[in-house]
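Fold and contact review
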Amino acid sequence: MALDEGPRSCLLRVRHRLEQDMKPSYIMDHMITDGVLTVDEEEKIRTRDQAAALLELMLRKDNRTYISFYNALIKETYDDLASLLHADLPRTSPTAYKSFPDGYTPYVRTVLSEGGVPQRPVVFVSRPELLNRVREKLYQLQKEPGWVTIFGMAGSGKSVLAAEAARYHSLIEECFPGGIHWLSIGQLDKPDLLVKIQSLCFRLEQELDPQLHHRPPNSLDEAKERMRFLMLRRYPRSLLILDDIWDTSVLKAFDIQCRILLTTRNRSLVDSVSGAKYEVEVASGLDEKKGLEILALYTNRKMHGLPEEARSIVKECKGSPLVVSLIGALLKEKPDRWHYYLRQLQQKQFKRIRKSSSYDYDALDQAMAASIEVLPEEHRELYKDFTVLEKDIKVPAKVLSILWDLPIEEVEDILEEFANKSLLFMDTNNKPYLYYLHDLQLDFLIEQNRNEIESLHTKIVLQYQQYYRDGHPTSGDEECQYWIRFLTDHMAKANLTQELYSLMFSLDWVTVKSQVMSPAHLINDYIAHGPILDKEFQEFLSLNGHQLEHRPDVVQLALSEPLTSEVYRQARMQALQQSSRGKLFFDWLNKNCVENLSLLVIHPHQGSLYSACFSHDGSKIASCGASKSLKMFKSTSGEKLMELQAHDDEVLCCAFSPDDHLIATCSSDRKVKVWNVERAMIIRVFEEEHEEQINHCQFTNTTRRLLLATCSNDKFLNLWNLNKPSSQNTMFGHFEPVNHCCFSPDDAIISTCSNDGTVKLFQTSSANEWQTINVKDLFEGDEEVLVKCSTWTADGKRIACAARNGVWVFDIETADMLFEVRTNRLSMVQYCQACPTSNLLAIAYSNYGVELWDLESNKKMADCSGHLSWVQRLQFSPDGSQLLSCSDDQTVRLWETKKVHTSSSVRLKRDSAVIFSDEEMIVSAADYCNRLQVHDGRKGQLLFQSEEMSSRIRCTCLSRQLSAVAFGQDDGTVQVLEVPSGKLLASLKGHTKTVFHCQFIENGQTLLTSSEDATIRVWSWQSGDCKVLQGHKEQVRCFSLLSNLPTESTLLSWSFDGTVKVWDVKSGQKLQDIDAHRGAILSCHVSPDRSLFTTTSADKTAKVQQPCCTLWSVKDGSLLKICSREGKDGMDSLHGGWVTDLHFSPDNSLLVSTGGYIKWWDVERGEALQTFYPKGLALKKIHVSPDFSTFVTVDNIGILYILKRVTP
C-alpha cells in the first residue's frame, strides 16, 4: 500500500528542515524495531547522505512507515520536527479516510465552485508526481505571499494541473482558508484586462454581500487597488489562480502582495514582479502509459485491449494531452477508425506554426487536420469562420447565427457537435452558453486559411451590416458587446478602410460604444487604428474621456470642439436635426478664445500628488503622493511602466539619478529609499537619521560624484553616499523645518529653504555653510515667512525662491536681491522652477494656476490653466520643451513651452454681471489681478480694464442707460465707474463688511447693494444718499427684484439665516418674512410671472414657493426628489457640486441650474434635459438672456462661457 497523499505532501513540504536537523542513525533503530525498515535498507542509507536517503525511501513506503518515523522523532526528543508531521498523520479510521481518498471533500467542491475553478474534464488521468510538486510549492505560500508558476508549452495540461492542485482539503484548510479564486486571462490589452478585474472584484464583493452593489472600478489603477483591498482585507490567505498569462504588463496588475498560482508558456514573466517565487515545469507530453489511459477512457476499453495503433498515435503526437484528447473524442464516435486517424497523423505535412515563442505545434496541426476532416463539408466551411475570432474571446450563439445566417436553434446544434469533437469549448456557466476556441486551435485555423483572412473578415462585417442596417445594437448583452467591441477590428482586418473611417468618425458610434463598453475601449480603438485615421476624434476622446464616464450627451460634448473640426461639424449637424424635434443643445460661442498648452494629462493615483519628475533622458515620468506608492509612465503617452508600494506613509518626493538607473523616494514615515528602475527593486533604505518627515530629495546633476540630498522637518539636511549605510554629511543651521533642497547646476553648492525665512547655501564638498539669504527681511512685521522652495538659473549665478505671494531672484555671490518677479499678489506662490536651457521660470499659485515668466524681461509669457486644485510640484524637461506639473486634483499635466504665449483667453473671477440686448452682450467681471474688466461678449473685445484695486472686487453690475459699471469690495466700499473712460463717478461708503451683490434699478439712477454686515442698502448713488434695509441676522449673499420692469420696487432678499424677505424699495418697509430653510440659502430665483420662486439651501433641499409664503411642490414631487436626493445619485453627482444658481424660462417650463456643471431641466417632469461640462468646476452664477437662449457664466479657472441655444 502506497503512502497517502497527505503524509506524502507533508514530507515533501518539510523535507529540507528534516534533512538539516535530525540524526537518522537513532531514528532508523526505532523504525527497524517497528518492522517498517530492514537492515539491508539501513545499510544502503548509511552509504549516502543518510537524512536525504531515509526520506527518499519513506516516500516509496506506506502509512505505517510515516507513523513509525513520527513516533521515533518523539522518542528522540525531536518534538519540533514531529509537530511538523502531526497534522498529516494517516487517519486511524480507515473507512473515514477512504471516503475521500484524494482529499476532494464536499468542502473542497464548495470552495472551488465558489471561486470559479473549472471542474475536472470528463476524461481525466492523474499525474501524481507533477501534482505533488505543485502542491509542495503551494505549501510554501502558507506563511507569506508569493508566486507559484506552472510553465510549459501549449496543450501540455497546465490549466488542468493547476485546477487539480487546488482539489485538496488540507491544502485549502491550512494554506488558503480564504478560498481559491480562478481567473482566465489569455492575451489581453488594458481595456480587456480592466473588464477581467472588474468581473473578479464583482464576484468577490457578491460573495461578501449579494445585496451590495459597488461601482465598477473605472481604471486599471483603481481596479488594482480594489483587488488589493479585497484580497488582503476581505479574503486574506486566499489563492488567486491566473490561467494563461502572456504579458508582463498584465501580470504586474496582480502584483498586490497576495498568493498567486499562474499558468504560462513564458517562464520569465515572473521576473517582472516582486515577492517569493517558485516554479514547476510541465513536460510537453504525457508518457505512453498516460496517453494510452486517455484513449482507453474515451473508447471505454481496457488499456491492454487497445489496438497497436493506439501506441503509435501516442508516439506520433508526442504525447500531447490536447492532441490525444482530440483523437480520443473522434474515436469515441467512430471507434473503428484507429488506422485512419493514425494515417492522418503520419501523412499530413502541415507547415510549422511559427510564433514569437519556440514551442513546437506540429502535433497539434496534425490532430486538428484529422479532426476537421471528419466534419461534413458544410460544417467544415462554417468552422473556417472561427478564423476571424479573437483569442480567448467567448461568443454567444447569436453572433454566429448572424454570421452564418442560420436560425439560433440550428446554430446551437452545430456548436454542440463541434464541442463534442473537442473542436470547440463551451462555457456553461453563462446563460446562454458562450463558445470559444483554444488559442492553438485558432492558430491552426489562421495558418490554414491565411489567404482567406481578408475575405472572412469582410463576410462578418457584411453580415453585421445587413442584420443591423437600422442601427447599432444597444442592449448591452453578450451579443451586443461582441459587435460593439470587435466590429472595428473586423473592418480593419478586412481592409475596409472607408467603412472603418465612416464608422469611427460617427458620433452615433461614439455614443453607442462609450455606453455599451467604456471610454477606455473607445479610445483604444482610435489608438489601434491611428495609422488609417486622422487625430481629431482621438484628441476629442482623449480630452473628454473622463466626461464620457458620466454618460453625457456626446453631441453636446462635441459642440465644444473647434469650429473647423470634423467632430464639431457632425455635432452641429446632429444638433440642428435633433433640436427641430425639441431636443436642447447649446453652442459655446467664444470657445476659440480658450487656448491650451496642455499636451498630456495623466491620472496616476487615487489621492493627492505631492511630487512628479522627468527622467534625465526625458522619456519617463515618476509620480508619488498620498497613495504611498511610486509610479512611472512614458512621457509621450502616459503608459504605465512601473508601480511600487513605496512607503508606509505618504510619499512626499521622488527624484531620478543622473543616469536614470536609480530613483529615490522620501516619505512622512521618515525613510529614504533608493530603487533600481529597471528591476523595480529596492537597493537601499536610510531610516535612522531623520527624526521627522522628509520633505524633499534630489540627486546630484552628474554621476561624477553621485550623492543624494534630503531635508526634513527635523531642521537638517543630509547628504548620502549610496555605498555607505549612514549619511555622509549632516548640515545644520536652520531653526525651523527645511522644506526644499537642490543642487546648483555644477553640484558645487546645495541650497536649502526653511520656515525660518532663510535660504542657506552649503558647499557640497565640505558641507560648510557658505551663504545665507534672509528672505524674511523683505517683509515688514513679525509674521512668519515660510520659504517654500528655491531654484537655480541655468547659468548657476542666480537663485530664485518662493515665499508668501512672491518670487525673488538673488545673486548667490553677494546674497543681494536682484529683482522681484511681479506675480499675482492675490494668490500665494506654491512652487517655482527655472528652466535648465532658457530664461523661463514656472510659478504655481494657490489659485491652481501655473504661469511661465521670462526672467530677463520679467514678463509673463504664458498661462497654464487646467488644474482644479493646488499644484504641488513643477519641473521642466531636460531640453526645456515641456513643463510637468502635479496637483492635489490627482493629475499630472505636461505643458508645451516652445509655443509659449500669453493666453488670449480671459481669466475672470466668477462674480460677474451681464447686460443682454438684441445687438450686444456686455460682460463685466474682475480678473485674477483684481482689475475690473468689461467685455463685448459677442465680439470678444475688451471694452474697459481698470487699474489693480487694493481691496478684492467681490461683485459687479452694469447700467445700460448710463454706460456705468459698479463694483463692491471686501472692505465694504462700492465704486461706480464710467465705461469706457474709467472715470470714477462715485465712491460709496456705508457697509462695514464685504459687499456681495449689487444691481442698478430705475434706469440706473438707484443702486442696490447687499453685504456680509446683514444689511441691504438703497443708494441714490449720484447724490450719495442711502436707505438701509435691516432685518436679516446673517450675511445677505444676494437679492432679486420681482420683475425686470424699470418701475419695479418689490425686492426679494435671502440670507444665510435661512430666511427670505420681501421689501418695498421705495419705502424701505419689509412686506413679508419667510422662514424658508433650516440651513443657509445658497440661491433664489423668481419665475417670470412672479407666481413662483425657487430656493436652494445648504440643508440639501430645493423648494418652489409662492410669494405669499405657502409652500408647494411640483406636481409629482420629482424635482424636489432630484434636488434633495442623497447618496451616490444625489446632488453632487447631478451637478458636480453645490447648486449655486437657478433661473426659470419665460414660460416657466424650463429651469437652468449651476454647480459643477450647467443643467437644464423640464420643470413639469423634473427631468434633466441637457448638461454642459465646463473645463473647470464650481460655477457660481449664470446670467440668462430674456428669451432664455443665451447663457453666460465663469468657472473656477477663469474661463468665460457664452452658450447659445442651437435652433434650426
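Now for a look at the structure at hand. Because the structure is predicted, anything quoted here is derived from the model rather than measured. (Residues numbered from 1 in each chain as written. Predicted model: local features only at pLDDT ≥ 70, side-chain atom pairs only at ≥ 80, totals over all residues. Heavy atoms only, no water.)

1. Description of the overall build of the protein chain
Test applied: Each helix is a run of DSSP H or I of at least 4 residues and each strand a run of E of at least 2, with the numbering of both proceeding from the N terminus. Working definition: with a 1.4 Å probe on protein chains only, accessible area under 20% of the residue-type maximum means buried, over 50% means exposed, and in between means partly exposed. A contact between two residues is defined here by any heavy atoms of the two lying within 4.5 Å. Only the protein chains shown count as cover for residues, and all accessible areas are computed by the Shrake-Rupley method using a 1.4 Å probe.
Secondary structure summary: the protein chain contains 33 helices and 64 strands in total. Each of the 1208 residues in the protein chain was classed as buried or not, and the buried ones make up 57%. Across the protein chain, every contact between residues at least 6 apart in sequence was considered, and the portion connecting residues at least 24 apart equals 53%. Of the roughly 51,600 Å² of accessible surface on the protein chain, 47% is carried by carbon and sulfur atoms.

2. Regarding the pairing of strand β34 (residues 859–864)
Note the following rule: By definition, two strands form a pair when at least two bridges between them are found by DSSP.
Judged from the five bridges that link them, strand β33 (residues 850–854) and β34 form a sheet pairing that is antiparallel. By the bridge assignment for β34, D854 is matched with K859.

3. As for the sheet that holds strand β43 (residues 964–969)
Rule in force here: Only the stretch in contact is used when a helix axis is fitted, and all axes are lines through C-alpha atoms; the angle between N-to-C directions ranges over 0 to 180 degrees.
Taken together, the four strands give an open sheet; going across it, the order is β42-β43-β44-β45, and neighbouring strands pair in antiparallel fashion. Only two strands of the sheet have a single partner each, and these edge strands are β42 (953–959) and β45 (984–988). Going across the sheet, the axis of each strand differs from the next one's by a mean of 15°, ignoring polarity. For β42 and β43, the ladder comprises six bridges, and the chain directions are antiparallel. Within β43, the position partnered with T956 by the bridge is F967.

4. A word on the packing of helix α2 (residues 24–33) against helix α3 (residues 39–46)
Packed helices, taken two at a time, are described by the angle their axes make and the gap between the axes. Our working definition: Our angle categories are set so that under 35 degrees counts as roughly parallel, over 145 as roughly antiparallel, 65 to 115 as roughly perpendicular, and the remainder as oblique. A clockwise turn of the near helix away from the far one marks a right-handed crossing, whereas an anticlockwise turn of less than a right angle marks a left-handed crossing. Basically, the charged four are Asp, Glu, Lys and Arg, the nonpolar ten are Ala, Val, Leu, Ile, Met, Phe, Trp, Tyr, Cys and Pro, and anything else, Gly included, counts as polar.
At a minimum axis distance of 10 Å, the contact between α2 and α3 shows a crossing angle of 165°. It follows that α2 is roughly antiparallel to α3 by the angle criterion. As for the relative orientation of α2 and α3, their crossing is right-handed in sense. Taking contact as the criterion, the partners of S25, M28, D29 and I32 in α2 are, on α3, E42, I45 and R46. Looking at the contact of α2 with α3 residue by residue, the classes come out as three nonpolar, one polar and three charged.

5. Regarding the nonpolar core
Using the following cut-off: The set of buried Ala, Val, Leu, Ile, Met, Phe, Trp, Tyr and Cys residues whose side-chain atoms join them within 4.5 Å is what this entry labels a nonpolar core.
Ranked by size, the top nonpolar core spans 65 residues in total, and within it Y383, F386, W404, L415, F418 and Y482 carry the most contacts. Broken down by element, the residue count for this core peaks at seven residues, all from helix α25 (residues 478–493). When neighbours within four sequence positions are excluded, W404 is seen to be in contact with L382, D385, F386, V411, I414, L415 and F418. Membership of the second largest hydrophobic core comes to 31 residues, among which are V111, A163, I241 and V282.

6. Some remarks on the state of the cysteines
Rules: Throughout, disulfides are identified as pairs of cysteine sulfur atoms within 2.5 Å of each other.
Scanning all chains against the criterion turns up zero disulfides. This cysteine, C741, is not joined by any disulfide, and C711 carries the nearest cysteine sulfur, 3.8 Å off.

7. Let's talk about the pattern of salt bridges
The line we're drawing: Whenever a carboxyl oxygen of Asp or Glu lies within 4 Å of a side-chain nitrogen of Lys or Arg, that contact is scored as a salt bridge.
Inspection of the entire model under this criterion finds 42 salt bridges. For D587, the salt bridge is made with K591, and the minimal N-O distance between the two is 3.3 Å. Comparing D587 with K591, the two get one shared label, buried. A salt bridge links E783 to R804; its shortest N-O distance comes to 3.7 Å.

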